[in-house]
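# What the coordinates show
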Amino acid sequence: MDLKIGIIGLKPGWKIILDQQGLNYEAVELNKKLSPNQYSVLIVDDHKTTKNNILHYLEMGGSILFSSKAYAQVFDKKIRSVRKKYLLSDQESMFSSIGLIDISNRIAIPKKANIKLIDSGLQVYSGKYKKGSFFVIPIDINKEILNMNACRRKFNADRMELPSEIVAQVSKGKIRKLLVYILQKLHYERNLPFIHKITIPDYQGLFIFRIDTDFCSKDEADAIYRLCEKHNIKATWFLDTQDKSKLEEYFSKLKGQELGLHCFKHKVFDNYNDNDKNIKRGIYNLKESNISQKGFAAPFGDWNKYLDCSLQKNNFSYSSEFVPSYDDLPFFPYSNSKFSKVLQIPIHPISPGRLRRSHFSDTEKIKYYKDIIKKRITEKDPIIIYHHPHHKMLKVIDAIFSHINSLGIPNLTMSEYASWWKKRVKTKTDISYNNGYITFRNLDRKINFLIYKDNMISCLQPKAKLLFSNIEFTKNNLLKREKNIASMRKYHWRDLLYNYESWRSRKNR
Ligand SMILES: [Zn+2]
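Now for the packing of aromatic side chains. One pass over the structure, following the stated rule, counts 27 aromatic pairs. Chaining the aromatic ring pairs together yields one cluster made of Phe 66, Tyr 71, Phe 75, Tyr 129 and Phe 134. Here the basic side chain of Arg 159 rests over the ring of Phe 360, its NZ or CZ set 3.8 Å away from the ring centre. Seen from the ring of Tyr 437, Lys 465 lies directly overhead, with NZ or CZ sitting 4.6 Å from the centre.

Written out as structure tokens, the structure reads:
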């Protein structure tokens, strides 16, 4: 049978998540009769859905992930709409590692339904219907994933005072993880393996170091460059472009680094013309200095549809901000009823400068990044962090680079990762599972797959035919739920101060 997810109600938000994760899926029409052999799992997020076809699929042993509205429609239940700013996974549930999910819309909870509450904090339910199994999620996936609002969020650390930054209002990376865990379970319910494309080129990990130059001096930039040379790190530099002599005499001469555009004026505007003018002036100065750029990173990690429109017109291959998302995988943002052509590469948004503002000592800063690195490796996600040369903190950067190299984590520039990612998106491999064999069709040997069974994982190069019992699995470690979670969303007077500071710095430049 095909290891493929069928989705009824394929909206852009779902497409973003399924593509990020590299899952095989296709949109299913509302009125089609479905057999469990056609789809390993169905996602049903359309409350006008045809009841009998869905029940038939379940009855025959299929697995379904329902939105609560779709579930209520199929099983004749009512739902209760509840206002929540965030959801917090239970300490002892199968989703405990997810922790805190910030959301922006009301959630919908099934009423008087005879189904099992799997996680009371996340309000995830599961149930059985004849031979089939299903899960019910309360979150409006499409609305949350397409939300592009920003707000200040505190980030977790092993101490009282927490760092914060203005980032995406919704923790989209966490929502994706929740869905992936559920899809995994639903495959296991049918004794099927769960398979998706790897999210980084090398199973060992991926380290990307982004530098926003922010009007630093040549000496400040050079101190960071020398650390990159010392540790053999190819960093990705996003340049401020007002000072042409600095571009010509210094940046254009850097070896083995990627150069991209940060800004002319250090600002993102709320209209197309000013953004486009600013970007064009930056590109012009880079060109005059013999620098060619593929990527862009906006001042303050800001993003809006006008900026995106200008980036598309000016042929950028990718951009990297933290308002569309953070701690997440690359994706093509959706606005004005279409997908952008510019790949968004989210990063971890807390820079050493933000840690210093929250009074971290150097030892605490290094520990903070070591923890982030460990988390990303455990989750098989890219490690992408950033820095400003005028903040110096060379000891911290030196320690981070040493740590990365001691772990043997491969390093790429953002543009290398972006072009790998675009190839990955285009590879459409069909996978099926019959009599203990996995078959890959239209395979691309350069894109590996991750295969999961129970709490085990394996990374493998696709082959035409593969005996499942021959695959060597290792333990798939999950994160422990973060401590200190309660204080993350508690208001602190410093939040007000930091908001004032960021308002002032946006005004001044
Ligand atoms: Zn900047």
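We now examine the domain arrangement of the protein. Under the domain assignment, the protein is made up of domain 1 (5-197), domain 2 (207-421) and domain 3 (427-475). Summarising the inter-unit geometry, the C-alpha centres of domain 1 and domain 2 are found 32 Å apart. Between domain 1 and domain 2, the residue contacts involve 32 residues of the former and 31 residues of the latter. Broken down residue by residue, the surface that domain 1 buries against domain 2 is led by Gln 20, Met 148 and Arg 159, which jointly contribute 25%. The shortest N-O distance in the salt bridge between Lys 177 and Glu 379 comes to 3.7 Å.

This part is about the coordination of the zinc ion. Ligation of the zinc ion by protein atoms is provided by Asp 214 (OD), Asp 214 (OD), His 262 (NE2) and His 266 (NE2), these donors lying 2.1 to 2.5 Å from the ion. Around the zinc ion, the four donor atoms sit at angles spanning 56 to 140 degrees, and that spread fits a shape best called irregular. Between consecutive donors of the zinc ion, the numbers of intervening residues give the motif D-x47-H-x3-H. Each member of the pair His 262 and His 266 is classed as buried.

Attention now moves to the pairing of strand 16 (residues 236-240). For strand 16, a buried count of five out of five residues is recorded, marking the element as mostly surrounded by other parts of the structure. Where strand 15 (residues 207-212) meets strand 16, three bridges bridge the pair, whose relative direction is parallel. In the strand pairing of strand 16, Asp 212 is matched with Phe 238. For the crossover from strand 15 across helix 6 (residues 218-231) to strand 16, the handedness is right-handed. With five bridges connecting them, strand 16 and strand 17 (residues 258-263) associate as parallel partners. Bridge assignment links Leu 239 to a residue of strand 17, and that residue is Leu 261. Viewed along the sheet, the connection from strand 16 through helix 7 (residues 244-249) into strand 17 turns out right-handed.

Moving on, we get to the sheet that holds strand 3 (residues 41-44). If you trace the seven strands from one edge of the open sheet to the other, you get 2-1-3-4-11-10-9, paired in mixed fashion. Two strands in the sheet have a free side with no partner beyond their single neighbour: strand 2 (25-27) and strand 9 (116-119). Taken over all neighbouring pairs, the strand axes of this sheet differ in orientation by 25 degrees on average, direction set aside. Pairing geometry for strand 1 (residues 5-8) and strand 3, over four bridges, is parallel. By the bridge assignment for strand 3, Ile 7 is matched with Ile 43. Packed on one face of the sheet, helix 1 (residues 12-21) meets strand 1, strand 2, strand 3, strand 4 (63-67) and strand 11 (132-137) and runs near 160 degrees to strand 2. Against the sheet, helix 2 (residues 51-59) contacts strand 1, strand 3, strand 4, strand 10 (124-129) and strand 11, and its axis sits at roughly 140 degrees relative to strand 4.

Cut-offs applied
Chains are numbered independently. Their residues run from 1 in the order of the written sequence. Local features in this predicted model are restricted to residues of pLDDT 70 or higher, and side-chain atom pairs are both shown and tallied only at a pLDDT of 80 or more, whereas totals for entire chains, interfaces and linings draw on every residue. Hydrogens and water molecules were not included; the side-chain quantities draw on all heavy atoms of the structure. Between rings of Phe, Tyr and Trp, where Trp is taken as its six-membered ring, a pair exists when centres lie within 6.5 Å; planes separated by under 30 degrees are stacked, by over 60 edge-to-face, and by other angles tilted. Charges are assigned to positions over rings by a cutoff of 6 Å between ring centre and Lys NZ or Arg CZ, combined with an angular limit of 35 degrees from the ring normal. By convention here, the domain bounds are inherited from an automatic or database domain assignment. Residues are treated as being in contact if the distance between any of their heavy atoms lies within 4.5 Å. What gets called buried area is simply the loss in accessible area from a 1.4 Å probe that two parts show on being joined, summed for both. Here, a salt bridge means any side-chain nitrogen of Lys or Arg that lies within 4 Å of a carboxyl oxygen of Asp or Glu. Counted as coordinating are nitrogen, oxygen and sulfur atoms within 2.8 Å of the metal, or 3.2 Å for Na, K and Ca, while water is not included, which may make sites look incomplete. Here the metal geometry follows the donor angles, with tetrahedral for four donors whose angles all fall between 85 and 135 degrees, square planar for four and octahedral for six when opposite donors are more than 155 degrees apart and every other angle is between 65 and 115, and irregular for all the rest. For every residue, the accessible area obtained with a 1.4 Å probe (protein chains only) is divided by the maximum for its type, and the residue is called buried under 20%, exposed over 50%, and partly exposed between those limits. Under the scheme used here, helices are H or I runs from DSSP no shorter than 4 residues and strands are E runs no shorter than 2 residues, and both carry numbers assigned from the N terminus. The pairing criterion is simple: DSSP has to find at least two bridges between the two strands. A clockwise path from the first strand over the helix to the second, with the strands pointing away from the viewer, defines a right-handed crossover. Only the stretch in contact is used when fitting a helix axis, every axis being a line fitted to C-alpha atoms; angles between N-to-C directions are given from 0 to 180 degrees.

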